[in-house]
Amino acid sequence: MGFARTCSVALVGVEGVVVEVQADLEPGVAAFTLVGLPDKSLTESKDRVRAAVVNSGAAWPQKKLTVGLSPASVPKSGSGFDMAVAAAVLGAAERIDPRVLADIVMIGELGLDGRVRPVRGILPAVLAAADAGYEQVVVPECAAAEASLVPGVSVLGVRSLRQLIAVLADEPVPDEEPDDLGRPDPLLAGLRMPGTGAATGMHSMGAAQYDPGHDLADVVGQCAARTAAEIAAAGGHHLFLEGPPGAGKTMLAERMPAILPRLSRQDSLEVTAVHSVAGLLPPGKPLIDIAPYCAPHHSATMQALVGGGSHMARPGAVSLSHRGILFLDETPEFSGQALDALRQPLESGYVVIARSAGVVRFPARFQMVLAANPCPCGRYSQKDDLCDCPPMSIRRYQARLSGPLLDRVDLRVTVDRVTREELSVYGARGETTATVADRVRAARERAAARLADTPWHTNSEVPGSELRTRWHAVRGAMDEAERSLERGALTARGIDRVLRVAWTVADLKGHDRPDDTDVLLALQLRTGISRGASMTLGALV
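Each chain has its residues counted from 1, following the order in which its sequence is written. Whole-chain, interface and lining totals are the exception, using all residues; otherwise, since this is a predicted model, local features are given only for residues with pLDDT of at least 70 and side-chain atom pairs are given and counted only at 80 or more. Neither water nor hydrogens contribute to the side-chain values; these are computed over all heavy atoms in the structure.

Q: For this particular structure, what's the right way to read the packing of aromatic side chains?
A: Within a pair of aromatic rings, the relevant descriptors are the distance that separates the centres and the angle that separates the planes. Pairing of aromatic rings covers Phe, Tyr and Trp, the last counted by its six-membered ring, and requires centre-to-centre distances within 6.5 Å; plane angles under 30 degrees mean stacked, over 60 mean edge-to-face, and any other angle means tilted. Considering all chains together, one arrives at 2 aromatic pairs under this definition. Measuring from centroid to centroid gives 5.6 Å for F32 and W60, while their planes differ by 45 degrees, and the two rings are tilted. Taken together, the positions of F32 in strand β3 (residues 31-35) and W60 in the loop between α2 (45-55) and β4 (64-70) put the pair 28 residues apart, joining distant regions of the chain. Only protein chains enter the calculation, and the probe is 1.4 Å; a residue is then buried if its accessible area is under 20% of its type maximum, exposed if over 50%, and partly exposed in between. By relative accessible area, which is 10% here, F32 ends up buried. Relative to F327, the ring of Y293 lies with its centre 6.5 Å away and its plane at 25 degrees, an arrangement referred to as stacked. Here the residue Y293 occupies a position in strand β11 (residues 293-294), and F327 occupies one in strand β12 (residues 325-328), the gap between them amounting to 34 residues. A relative accessible area of 8% places Y293 in the buried class. Secondary structure counts use DSSP, requiring at least four H or I residues in a row for a helix and at least two E residues in a row for a strand, with both numbered from the N terminus.

And the structure:
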């Protein structure tokens, strides 16, 4: 009788559970039994592992073979257990010393020819292994850079099962050359899901920082909208842009990721883990260090926005835009069910999805940017009468955005049509992305210094109770906002958000505490009603 064990990782959302892979050989009729609550793709690993072992030059044991995945109560899915199963079988057959395998975590799919293919979720799997105390991890060679992002873990990247056997058996390691150097390596295809390219609007890169093709200087006029975008980026606030077609709403939203600061190390790991699980991590880019940008089409379903799936849930747009921008263009065209599903993650910063296969939790602390036309024809304005829509049609169109959803939006700006004078006089005179990004970074640093001993990093994350007890505005500065609360123009949540925005404005201006002008600007941006506050924070020169 032979027995060996090694370890792999089962992913539940972006959280991993270390699974012990046990192999037992007993005399009897040759058979291969896999137990431990595997799914269909994992059950099929029996045939993949057998073919990979034989084609790697090792003998397949002709005995009764039982492979168990422990803990048996945790659902296991995917093909990432193949390498661990093969190693455990070879250890039980004494081709590899079983003592060498006991403290190693192996993650990777096996091809029928013995090549090791990458799987999604390498980073969160290695993070789970490190949290469980494991120090040695074996992954596919092309995913070694991603696994190496986890500190304190020794990573071995292998290209084939033959190489793994040689390393574990202390034999000369054979060289494995790519099939054809003139074509992309087919192994890299395992890192991505089909249909997840940049054209889908669900990619992680968005508008690269300081990309000359997405510069704020291209936005003509729109002083109020530019100021609101800067405030939103500095404090992590949600933004609603309303205006006619062609006014620059989409242009402004596409340039917002470029003015956000680069992600911290911890935030980068969180974002990379989500994109790795979703199959959106581009090969050759193991770490995402800039704010992601997701712009789903208005036909997206609720599951596409918040996450879901028929079996084990996958992350949706709110999780793919974690620590970045979620841009919903033509927001009233989204289904009401999909929009209202955003309420909970906007408040909590995460999404909990329950399915028959289990309950998963995805991070979802994003900045939401909404863009909408004022009416079906898009020409409604209080300044002119170009709109042909009946009043009932306008009210019905604007009512598609529910009050509870808009109550969670900090900044609301009306984007007016660009005039001929602005095109001719102010064209190309707006500040560049680099200039605005420097101010945003300075404001973030002021907020981070103030919140250094707290679990929060930006003004938008600070709870209202903490704002009211620890971080006050200048005496009397909140009087106008409190009167708006008494008149019913603001909710209790709204007045907290006004104070959050006022702190962001103060950080941008370099004030120690929000004064009357800071609160007045925040109140004006919150309600959309002009209160005489200056809308210039340096948006135009």
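Q: It is not clear to me how the sheet that holds strand β10 (residues 239-242) should be interpreted in this structure. Could you clarify?
A: Within a beta sheet, neighbouring strands are joined by backbone hydrogen bonds and run either parallel or antiparallel to one another. By definition, two strands form a pair when at least two bridges between them are found by DSSP. Pairing is parallel in the open sheet, where 5 strands are placed in the order β11-β12-β15-β10-β16. In the strand order of this sheet, the two ends are held by β11 and β16 (411-414), each with one partner. Bridge analysis of β12 against strand β15 (residues 367-372) gives 4 bridges, and the strand direction is parallel. What sits directly across from F327, in β15, is V369.

Q: Teacher, can you tell me more about a negative patch on the surface here?
A: A cluster of acidic side chains, namely D479, E482, E486 and D516, defines a negative patch on the protein surface. A per-element tally of the negative patch places helix α20 (residues 479-487) first, with 3 residues. By secondary structure assignment, the location of E482 is in helix α20. Here E482 falls in the partly exposed class, since its relative accessible area comes to 40%. Think of a patch as exposed residues, more than 30% relative accessible area, with no salt bridge, where like charges cluster within 9 Å and nonpolar side chains (Val, Leu, Ile, Met, Phe, Trp, Tyr) cluster within 5 Å. Only the protein chains shown count as cover for residues, and all accessible areas are computed by the Shrake-Rupley method using a 1.4 Å probe. By definition here, a salt bridge exists when the distance from a side-chain nitrogen of Lys or Arg to a carboxyl oxygen of Asp or Glu is within 4 Å. Charge convention: Lys and Arg are scored as positive, Asp and Glu as negative, and His as well as the terminal groups of each chain are ignored. In this description, the location of a charge corresponds to atom NZ of lysine, CZ of arginine, CG of aspartate or CD of glutamate.

Q: Explain the pairing of β3 to me, please; I cannot follow it from the model alone.
A: Looking down a regular strand, the side chains alternate between one sheet face and the other. Of the two faces of β3, the one holding F32 and L34 is buried and the one holding A31, T33 and V35 is not buried anywhere. Looking at chain direction, β3 and β4 are connected through 5 bridges and run parallel. Paired with L34 across the two strands is V67, which belongs to β4.

Q: Just checking my understanding: could you explain the nonpolar core for this structure?
A: As a rule of thumb, soluble globular proteins bury nonpolar side chains together. By nonpolar core is meant a set of buried Ala, Val, Leu, Ile, Met, Phe, Trp, Tyr and Cys residues that side-chain atoms within 4.5 Å join together. I231, L239, L241, V369 and L525 are the most contacted members of the largest nonpolar core, which totals 55 residues. For this core, the leading source of residues is helix α21 (residues 492-509), giving 8 residues. Leave out the neighbours within four places in its chain, and L241 touches A225, K249, L252, V369, L370, A371, A372, V413 and V415. Among the nonpolar cores identified, the runner-up in size contains 39 residues, and V53, L65, V67 and A88 belong to it. Contacts are assigned to residue pairs with any non-hydrogen atoms lying within 4.5 Å of each other.

Q: Can you walk me through the environment of D175 in this structure?
A: Of note, D175 is situated in the loop between α7 (161-168) and α8 (223-235). According to the relative accessible area criterion, D175 is exposed, its value standing at 69%. Each C-alpha atom, one on D175 and one on R159, is 8.9 Å from the other, the two residues being 16 residues apart in sequence.

Q: Just to check I follow, could you spell out the packing of α8 against helix α18 (residues 433-450) for this structure?
A: When two helices pack together, their arrangement is given by the angle between their axes and by how far apart the axes lie. The convention used is that axes are lines fitted to C-alpha atoms, helices contributing only their stretch in contact, and that angles between N-to-C directions extend from 0 to 180 degrees. Two elements in contact, α8 and α18, have axes separated by 8 Å at closest approach and are oriented at 40 degrees. The angle between α8 and α18 places the two elements in the oblique class. As for the relative orientation of α8 and α18, their crossing is right-handed in sense. Of the residues in α18, those touching α8 at E230, A233, A234 and G235 are V436, R439, V440, A443 and R444. Of the residues in the contact of α8 with α18, the class split is 5 nonpolar, 1 polar and 3 charged. Should an angle lie under 35 degrees it is considered roughly parallel, over 145 roughly antiparallel, and from 65 to 115 roughly perpendicular; all remaining angles are considered oblique. Throughout, a crossing is termed right-handed when the near helix is turned clockwise from the far one, and left-handed when it is turned anticlockwise from it by less than a right angle. Polar here means any residue other than Ala, Val, Leu, Ile, Met, Phe, Trp, Tyr, Cys and Pro, which are nonpolar, and Asp, Glu, Lys and Arg, which are charged; Gly is therefore polar.

Q: Help me understand the packing of α2 against helix α3 (residues 82-92), please; the structure alone is not making it clear to me.
A: Running from N to C, α2 and α3 point in directions that differ by 60 degrees, and their axes come no closer than 10 Å. Taken as axis vectors, α2 and α3 run oblique relative to one another. α2 and α3 meet at a crossing whose hand is right-handed. Every residue of α3 that contacts α2 at S45, R48, V49 and V53 is listed here: D82, V85, A86 and L90. Class assignment of the residues belonging to the contact of α2 with α3 gives a composition of 5 nonpolar, 1 polar and 2 charged.

Q: In this structure, what is going on with the pattern of salt bridges? I would like to understand it.
A: In a structure, side chains of opposite charge can pair up when their charged atoms sit close to one another. All told, the structure shown has 31 salt bridges when counted by the stated rule. E254 is the partner of R255 in a salt bridge, and the nearest nitrogen-oxygen pair spans 3.9 Å. What makes E254 partly exposed here is its relative accessible area of 28%. We note a salt bridge from R323 to E270, for which the minimum N-O separation is 3.7 Å. With a gap of 53 residues between them, R323 in the loop between α12 (317-320) and β12 and E270 in helix α10 (residues 265-278) connect regions that are remote in the sequence. The network of salt bridges with shared partners includes E347, D407, R408, D410, R493, R497 and R526.

Q: Help me understand the environment of P61 in this model?
A: With respect to the helices, strands and loops of the structure, P61 is situated in the loop between α2 and β4. Relative accessible area serves as the criterion here: at 11%, P61 is assigned to the buried category. Sequence separation between P61 and A31 is 30 residues; the distance between their C-alpha atoms is 9.6 Å. Each residue touching P61, except ones within four places of it in the same chain, is listed here: L25, V89 and A93.

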